Amino acid sequence: MSSFLTSRNVADVLGGITNGVIYSLVALSLVLVWRSTRILNFAQGAMAMIATYVGFAVLAPTTSYWVSMAVAIVAGLLIGGLTERVIVRGLYGKPEINPVVAMVGFLLVLESVAAAIWSTGSRGLPTPFSMVDWQLNHKPVALSPFALYEIVTAVVVMTVIAGLFQFTKLGLRLRAAALAPEVSRLLGVRVGRMLTLGWMLSSAVGAVTAVLVASNYFTGLTPTAMDGVFAFGFIAAAIGGLDSPVGALLSGIALGVILQFVGDYLNSNAIILVALGMLVVSLMVRPNGVFTRSAQRRV
Amino acid sequence: MRGVRSNQRIVAGTALGVAAVLASILGVGTARAATAFSIASVAFVAGATLLASREFRHNHPVAARAAISVLAVDVSLVLTAFFSATVDDNLAIGAAMSIVLLGLSFLTGSSGQISLGNGAFMGVGAFTVAVWANHHPTTPIAVVLVLAVVAGALVGLLLGLPATRLRGPYLAGMTLAFAVAFGAVLNLFGTWTGGDSGLQLPAAVNAPAWVLHFFKPGTSSLTTNSVWLVDITIVTAGIALFFMANLFASRTGRAMRLVRDNDVAAELVGISLPRARVIAFIVSAAYAALGGGLWTLINNAVTPSTYGFALSVTILSLVVIGGIGTIPGALIGGLIYAFAANVIAWFTAHTGLNPQGNVASQLNGIIFGGLLVLTILFAPTGIAGFVRRRWAAWRAR
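No experiment lies behind these values; they were computed from the predicted model shown. (Residues numbered from 1 in each chain as written. Chains lettered and ligands numbered in written order. Predicted model: local features only at pLDDT ≥ 70, side-chain atom pairs only at ≥ 80, totals over all residues. Heavy atoms only, no water.)

A. Fine view of the overall build of chain B. Scanning chain B from N- to C-terminus turns up 18 helices and two strands. Across the 397 residues of chain B, 50% fall into the buried class. Roughly 18,300 Å² of accessible area belongs to chain B as shown, and the carbon and sulfur atoms make up 69% of that amount. (Helix = DSSP H or I, 4+ residues; strand = E, 2+ residues; numbered from the N terminus. Buried < 20%, exposed > 50% of the residue type's maximum accessible area, 1.4 Å probe, protein only. Areas by Shrake-Rupley, 256 points an atom, 1.4 Å probe, with all protein chains shown as cover.)

B. View of the overall build of chain A. Counting its secondary structure elements, chain A contains 12 helices and two strands. For chain A, the proportion of its 299 residues judged to be buried stands at 54%. Expressed as a percentage of contacts within chain A between residues at least 6 apart in sequence, the contacts between residues at least 24 apart total 75%. As displayed, chain A offers around 13,100 Å² of accessible surface, 67% of which is attributable to carbon and sulfur atoms. (Contact = heavy atoms within 4.5 Å.)

C. Highlighting the packing of aromatic side chains. All names here are of chain A. Under the defined criterion, the tally for this structure stands at 20 aromatic pairs over all chains. Ring centres of Phe 42 and Phe 230 lie 6.1 Å apart, and the angle between their planes is 55°; on these two criteria the pair is classed as tilted. Note that Phe 42 is positioned in the loop between helix H2 (8–37) and helix H3 (44–58) and Phe 230 in helix H10 (residues 226–240), a separation of 188 residues in sequence. Under the relative-accessibility criterion, Phe 230 is labelled buried at 5%. Ring-pair connections join several aromatic residues into one group, and the members of that group are Phe 56, Tyr 65, Trp 66, Phe 129, Phe 146 and Tyr 149. Seen from the ring of Tyr 265, Arg 8 lies directly overhead, with NZ or CZ sitting 4.0 Å from the centre. (Phe/Tyr/Trp six-rings, centres within 6.5 Å; stacked < 30°, edge-to-face > 60°. Lys NZ or Arg CZ within 6 Å of the ring centre and 35° of its normal.)

D. Local environment of the interface of chain B and chain A. On the side of chain A, 47 residues touch chain B, which itself brings 45 residues to the contact. Summing both sides of the interface, chain B and chain A together bury roughly 3,900 Å²; the carbon and sulfur share of this comes to 79%. When the buried surface of chain B facing chain A is broken down by residue, Arg 165, Pro 169 and Tyr 170 of chain B rank first, second and third, together holding 17% of it. At the junction of chain B and chain A, the tally comes to zero salt bridges. Here chain B and chain A share one residue pair in polar contact (both at pLDDT 80 or more) between them. Secondary structure elements with two or more residues in the side of chain B that touches chain A: helix H7 (141–163), helix H8 (168–188), helix H13 (263–268), helix H15 (309–322) and helix H17 (358–378) of chain B. No other element matches the 15 residues that H8 of chain B contributes to the side of chain B that touches chain A. In terms of residue class, the side of chain B that touches chain A is built from 31 nonpolar, 11 polar and three charged. (Buried area = accessible area lost by both parts, 1.4 Å probe. Salt bridge = Lys/Arg side-chain N within 4 Å of Asp/Glu carboxyl O. Polar contact = N/O pair within 3.5 Å; in protein donor to acceptor, adjacent residues only side chain to side chain. Nonpolar A, V, L, I, M, F, W, Y, C, P; charged D, E, K, R; others polar.)

E. Just the packing of helix H6 (residues 145–167) of chain A against helix H7 (residues 169–179) of chain A, in detail. All names here are of chain A. Between H6 and H7, the least distance of the axes is 5 Å, while the angle of their chain directions is 80°. Compared by their axis directions, H6 and H7 come out roughly perpendicular. Between H6 and H7, the residues in contact are Leu 164, Phe 165, Gln 166 and Phe 167 and Lys 169, Leu 170, Gly 171, Leu 172, Leu 174 and Arg 175, respectively. By residue class, the composition of the contact of H6 with H7 is six nonpolar, two polar and two charged. (Axes fitted to C-alpha atoms, helices over the stretch in contact; angles between N-to-C directions. Parallel < 35°, antiparallel > 145°, perpendicular 65-115°, else oblique.)

F. Local environment of H8 of chain B. All names here are of chain B. Between its first and last C-alpha, H8 extends 30 Å over 21 residues, near the 30 Å set by a 1.5 Å rise per residue. The principal kink in H8, of about 40°, is found at Ala 181. Taken across its 21 residues, H8 has 16 buried, putting it largely inside the fold. (Expected span 1.5 Å × (residues − 1). Bend = angle between axes of the 7 residues up to and from the residue.)

G. Focus on helix H4 (residues 61–80) of chain B. For H4 of chain B, which comprises 20 residues, the first-to-last C-alpha distance of 29 Å matches the rise-based estimate of 28 Å (1.5 Å per residue) to within 8%. Here H4 of chain B has its buried residues at Ala 64, Ala 67, Ser 69, Leu 71, Val 73, Asp 74 and Thr 80 of chain B.

H. Looking closely at the environment of Leu 32 of chain A. Note that Leu 32 of chain A resides in helix H2. Measuring from C-alpha to C-alpha, the distance between Leu 32 of chain A and Ile 161 of chain A comes to 9.7 Å, with 129 residues separating the pair along the chain.

I. Up close: the nonpolar core. Ranked by internal contacts, the top residues of the largest apolar core, which has 188 residues, are Phe 42 and Leu 279 of chain A together with Tyr 307 of chain B. Sequence-distant contacts of Tyr 307 of chain B, defined by excluding residues within four places in its chain, comprise Gly 119, Ala 120, Met 122, Gly 123, Ala 126, Phe 127, Phe 182, Gly 292, Trp 295 and Val 302 of chain B. Of all hydrophobic cores here, the second largest spans five residues; its members include Leu 51, Phe 56, Ala 64 and Ala 67 of chain B. (Core = buried A, V, L, I, M, F, W, Y, C linked by side-chain atoms within 4.5 Å.)

J. Main features of a nonpolar patch on the surface. Residues Val 281, Met 284 and Val 285 of chain A together with Val 146, Val 150, Leu 154, Leu 157 and Leu 161 of chain B make up a contiguous nonpolar surface patch of roughly 680 Å² in combined accessible area. Elements with a minimum of two residues in the nonpolar patch: helix H12 (270–285) of chain A together with H7 of chain B. The exposure class assigned to Leu 154 of chain B is exposed, which follows from its relative accessible area of 54%. (Patch = residues over 30% accessible without salt bridge, like charges linked within 9 Å, V, L, I, M, F, W, Y side chains within 5 Å.)

K. Structural detail: the confidence of the model for chain A. For chain A, the mean per-residue pLDDT works out to 86, and 95% of the residues sit at or above 70. Mean pLDDT per element in chain A: helix H1 (residues 2–5) of chain A is the minimum at 70, and helix H4 (residues 65–86) of chain A is the maximum at 92. (pLDDT = per-residue confidence, 0-100.)

L. Local environment of the side chain of Thr 18 of chain A. All names here are of chain A. Within the fold, Thr 18 resides in helix H2. In this structure Thr 18 comes out as buried when scored by relative accessible area, which is 9%. Reaching out from Thr 18, the side chain makes a polar contact with the backbone oxygen of Leu 14 at a distance of 2.8 Å. Once residues lying within four places of it in the same chain are set aside, the contact partners of Thr 18 are Leu 143, Ala 147, Glu 150 and Ile 151.

Here is the structure:
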């Protein structure tokens, strides 16, 4: 049993899940905005990165990790709301490439501003838990307290979001505003406010993700720290279907595990290539995602 | 009408006279270079006279486009002989960038698709040129550039196939993934591409003997390598411009604009959507690869870090700021790129920013990103669209 737990394949699965939950979180925050506003937020990673900088750079280095994280989440909420009000609001109903272009421009601005203020150098965040793997009969299991912390945090975030959408009045209004804006406006839902709230929630999820990514000793916090994570998160969201939160979560974890095997058995350079290949194939077979019921496009 | 035409004849005649006088003055010292300049002037006058006639523009559109391209190349070539080496170099980089922008402008403006991977397509061309030149150093550059175009088109086809079923944001995301993956691809084939450090060309590109022979007694500046490379780039850009202008006006181009504006209507009139989308994607990739190949020739080397995601974003912002979907927009974007670094350096010097500081090194991104957001929000047609609207309003007065 113990040799099974320390075997190469189990190590790959565990490591893959640890990476995969991060991709799931990015995918989830992309899905949150896509469902309500039909905008793919290319600045998602950069917005989260800024929130993390605010949480960990503005406060004194002695401030506790958890206080900084709370500040980062609040910053994430604010950044999300501001972005929706200032930039995104002018893009509703425009040709579908306009939001793409605007969000890419915003991404460039955010990354440059972050580099201008905090430099391009990597900033180590205090790691709240040990990153040394647990031992079993003097062999490492591919799971450290930090990895477990990542997984638990992701599960908590997903549960909170799911609970909010499924079991609260606010969640009902959010879903209504996303699915049938005209009808819900007639029924007294403040649709505009709900869209802003959706962006705020998505951005806060992003902030948690970026804190997790940046607390990892090996990556640290840089202005472009979220670029690669964003690419994998987008691939997960697109494979799962940008309309399906459950699909985003599952395909994020699946992607993480598969890529971990690819990196272990093939070559670390092949990881992103395999991910790209999976994206291309899945989009050719099911352009709307594996987990979405295919809908006829309305003319 | 008749009066207009005789006026044109007078203008043409005067210009010819001026050219002849200029040629004879220059001819005293530097016979061959002066001949070259005279030919350039005559060509300019002839082309301008032709283009001034509405009848000609209307009856021979292809010839008119050729005349415009030749004129643009003609003027630029003559100017390069007078500019300093630095300005020439900037112009060459910008002219190559214009080619890339023409491609993306066609993709976005004609078919309504968007690509965040054109920087990587440039990289495909750049590395094709470098790898080929390192294995077969004697191949003429025209052949090497054609190879770069073919390589770009092939990669474009590969990525364009899924594009047939994708719309807007999905396609943008896929090309973004390609841009991020490009560095890993280069590393995977590190024995060919030189890994992180990239490749040097085995020898600088030299002007062929007959050109040197033609200019030797004349202005020495024309024979230096940098000018030769600038001229190659400008001529290539002119050819690319000519083809793109025809493509925009062709049946395919019109079909694609219909795809952009209303893809359902396009399908109803018998346009094959997948075919139109793949063609647009291949053309844009091939143009990007050509621009990248020229960059390798100009820099005499290629490094993988140049062709990262940031370059793709820069390309997108130049196209949008210049004016998406228009040929002048792409040329404006190229000019902006050629001199952006100088303008920013000037700005840094005059505001007292530390040139090595964090803020100064990030100004480029802040300005381009900010302009990109502002342009798409408030003037989505860019500089070219703005000027065109002003011009139309002025004429309507």
